[in-house]
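Each chain, letter by letter, is given below.
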Number of protein chains: 2
Amino acid sequence: MRQLYHYPLCGFSRAARFLLSEKHLDYALVYENPWAPSDDVLDQNLFGTLPVLVDINGASVCGSSAIREYVNEAYPEIELIGRDYAQKAEARKLADWFDFIFYKEVYFPLIREKILKRFVNDMNRTPDPASVRLACSKLTHHMDYVSWLIDRRNWLAGRDFSIADIHAASFISVLDYLGIITWDKYDIARGWYARIKSRIGFRGILSDNLPQIPPSAEYSNPDF
Amino acid sequence: MRQLYHYPLCGFSRAARFLLSEKHLDYALVYENPWAPSDDVLDQNLFGTLPVLVDINGASVCGSSAIREYVNEAYPEIELIGRDYAQKAEARKLADWFDFIFYKEVYFPLIREKILKRFVNDMNRTPDPASVRLACSKLTHHMDYVSWLIDRRNWLAGRDFSIADIHAASFISVLDYLGIITWDKYDIARGWYARIKSRIGFRGILSDNLPQIPPSAEYSNPDF
């Protein structure tokens, strides 16, 4: 069986899960704490970053963009990057937007304040409300850009559902799990996320429920 | 003529330059300040991040990983990612190591302290010696891992020169330009970087010389 080493509230891990599910590829999830990676993960990736995919052919693929490109090359039947250079460039640019810029400006500061400071032993536990405020204010800009794109397109990168939607939904859904997204402010983005929530490939992510960090009230509700 | 919008001391921009040169593709460089992107760049990429490639066929490709995959697909004659899934996964994993982890732990804190605080007007200019010390201590771990890999392989990802070497050399060379790398501490990595410096595709990067930020004494010297 194909295995994916992941952490449920890791945006990169979710992107790999969502991608595999949309490709109709079966996989078993192996739970990892990102702040205490197991020897299995470290053997394949010295830096211990998630996700790590071990495919049925034995291929070991580490990291969000490597997994995205590998899965697309090895299983081309369902095209999720794009059909020509322009589509592919647009989809990869928008996927990278979440992996790099959204991650840096919004996701990581909030994860640090809401999760890491709670669970990582050797971390400074003093809350930093200024950095939460800054990240939430940046979040508004990013969500507005999602709305702006969706107002002009069917999916984020154009007519077809793609890796851009996968990466965006994966990172946004972690913040939604934590109750950080005020959907009333983002009507158009909410319509897009409702369509994401109704996809079969997203069901696994919507069923996440960590004992120590329960999901927000409307997290799995398709009518939110 | 193909155009690459870049900033000379941006690791992502350097990775695209080095890649294009290694692929024997001609291009004109268009200088950009990453903290004040031009309308040309913003038209193609709302977040203004570099690099941006405008190819001779009109394709506009934004960002390091999108350019890497695009150039590899559009110009497959010289293979720089890998010949099979295992090689490709290894090369992409190591390229991502520099784009994500080296960037976050080492490169960005040092660029913030050494460049951004000097040139970006609305930035807090108070030096943060603790974050410089931390980044330099992390740098040692990363350079040791470069040495560890090169001690076992010809190039970073295996027998062949690849995008792993391109991304590693691109980020490391920015810090070398700023005089941050103490090469005496890293004999094996130094041997690898000497081979990088001797490559024709790296000559453009070695000739960089910004008026306000001159390169370190040995920056362009192949015998350093």
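Residues numbered from 1 in each chain as written. Chains lettered and ligands numbered in written order. Predicted model: local features only at pLDDT ≥ 70, side-chain atom pairs only at ≥ 80, totals over all residues. Heavy atoms only, no water.

Examining the overall build of chain A
Right, on to step 1. Within chain A one finds eight helices and four strands.
Right, on to step 2. In sequence order, chain A lays out its α and β elements as β-α-β-α-β-β-α-α-α-α-α-α.
Right, on to step 3. The C-alpha radius of gyration computed for chain A amounts to 17 Å, which stays within 12% of the reference 17 Å derived for 224 residues, consistent with globular compactness.
Right, on to step 4. By principal-axis analysis of the C-alpha atoms, chain A measures approximately 45 × 45 × 30 Å.
Right, on to step 5. Here chain A holds 224 residues, and the buried ones make up 58% of them.
Right, on to step 6. Long-range pairs, those at least 24 residues apart, make up 68% of the contacts in chain A between residues at least 6 apart in sequence.
Right, on to step 7. For chain A, the accessible area works out to roughly 9,500 Å², and carbon and sulfur atoms hold 51% of it. (Helix = DSSP H or I, 4+ residues; strand = E, 2+ residues; numbered from the N terminus. Rg over C-alpha atoms; globule rule 2.2 N^0.38 Å. Buried < 20%, exposed > 50% of the residue type's maximum accessible area, 1.4 Å probe, protein only. Contact = heavy atoms within 4.5 Å. Areas by Shrake-Rupley, 256 points an atom, 1.4 Å probe, with all protein chains shown as cover.)

A few points about the packing of aromatic side chains
Right, on to step 1. Counting across every chain of the model gives 51 aromatic pairs over all chains.
Right, on to step 2. Ring centres of Tyr-85 of chain A and Tyr-70 of chain B lie 5.1 Å apart, and the angle between their planes is 85°; this geometry places the pair in the edge-to-face category. With Tyr-85 of chain A in helix α4 (residues 85-119) and Tyr-70 of chain B in helix α3 (residues 64-74), this pair bridges two chains.
Right, on to step 3. A residue is classified by how much of its surface remains accessible, and Tyr-85 of chain A, at 32% relative accessible area, is partly exposed.
Right, on to step 4. The exposure class of Tyr-70 of chain B is buried, given its relative accessible area of 2%. (Phe/Tyr/Trp six-rings, centres within 6.5 Å; stacked < 30°, edge-to-face > 60°.)

As for the interface of chain A and chain B
Right, on to step 1. Each side of the interface is counted separately: chain A has 32 residues, and chain B has 32 residues.
Right, on to step 2. Counting each side, the surface lost to burial between chain A and chain B is near 2,700 Å², with a carbon and sulfur contribution of 65%.
Right, on to step 3. Looking at the side of chain A facing chain B, the largest losses of area belong to Phe-47, Tyr-85 and Phe-100 of chain A, adding up to 23% of the total buried there.
Right, on to step 4. Counting every contact that joins chain A to chain B gives four salt bridges.
Right, on to step 5. Joining chain A to chain B, the criterion identifies 14 residue pairs in polar contact (both at pLDDT 80 or more).
Right, on to step 6. Sorting the residues of the side of chain A that touches chain B by element identifies β4 (60-62), α3 (64-74), α4 and α5 (129-152) of chain A as the ones contributing at least two each.
Right, on to step 7. Here the side of chain A that touches chain B takes 13 residues from α4 of chain A, the largest share from any one element.
Right, on to step 8. For the side of chain A that touches chain B, the class distribution of residues is 16 nonpolar, seven polar and nine charged. (Buried area = accessible area lost by both parts, 1.4 Å probe. Salt bridge = Lys/Arg side-chain N within 4 Å of Asp/Glu carboxyl O. Polar contact = N/O pair within 3.5 Å; in protein donor to acceptor, adjacent residues only side chain to side chain. Nonpolar A, V, L, I, M, F, W, Y, C, P; charged D, E, K, R; others polar.)

Topic: the pairing of strand β2 (residues 28-31) of chain B
Residue and element names in this part refer to chain B.
Right, on to step 1. Bridge count for strand β1 (residues 3-6) against β2 is four bridges, and the pairing is parallel. Considered in β2, the bridge of Gln-3 is made with Ala-28.
Right, on to step 2. On the question of chirality, the crossover connecting β1 to the parallel β2 by way of helix α1 (residues 11-22) is right-handed. (Pairing = 2+ DSSP bridges. Right-handed = clockwise from strand over helix to strand, strands pointing away.)

Considerations on the sheet that holds strand β3 (residues 52-54) of chain A
Residue and element names in this part refer to chain A.
Right, on to step 1. With respect to topology, four strands assemble into an open sheet ordered β2-β1-β3-β4, the strand pairing being mixed. Looking at the sheet topology across the chains shown, the edges are occupied by β2 (28-31) and β4. On average, each strand axis in the sheet is inclined to that of its neighbour by 20°, with strand direction left out of account. (Axes fitted to C-alpha atoms, helices over the stretch in contact; angles between N-to-C directions.)

A look at the domain arrangement of chain A
Residues and elements named next belong to chain A.
Right, on to step 1. Structurally, chain A comprises domain 1 (2-74) and domain 2 (85-202).
Right, on to step 2. Measuring from the centre of the C-alpha atoms in domain 1 to the corresponding centre in domain 2 gives 20 Å.
Right, on to step 3. With 15 residues of domain 1 in contact, the opposing surface of domain 2 contributes 27 residues.
Right, on to step 4. With both sides pooled, the region where domain 1 packs onto domain 2 buries about 1,800 Å², and carbon together with sulfur makes up 67% of that total.
Right, on to step 5. Looking only at domain 1, the three residues that lose the most surface to domain 2 are Leu-9, Phe-18 and Arg-68, adding up to 37% of its buried area.
Right, on to step 6. One can count three salt bridges joining domain 1 with domain 2.
Right, on to step 7. Viewed at the interface, domain 2 and domain 1 are joined by eight residue pairs in polar contact (both at pLDDT 80 or more).
Right, on to step 8. Residue assignment for the side of domain 1 that touches domain 2 shows that the elements contributing at least two residues are α1 (11-22) and α3.
Right, on to step 9. For the side of domain 1 that touches domain 2, the leading source of residues is α1, giving eight residues.
Right, on to step 10. Grouping the amino acids of the side of domain 1 that touches domain 2 by side-chain chemistry returns eight nonpolar, three polar and four charged. (Domains from an automatic or database assignment.)

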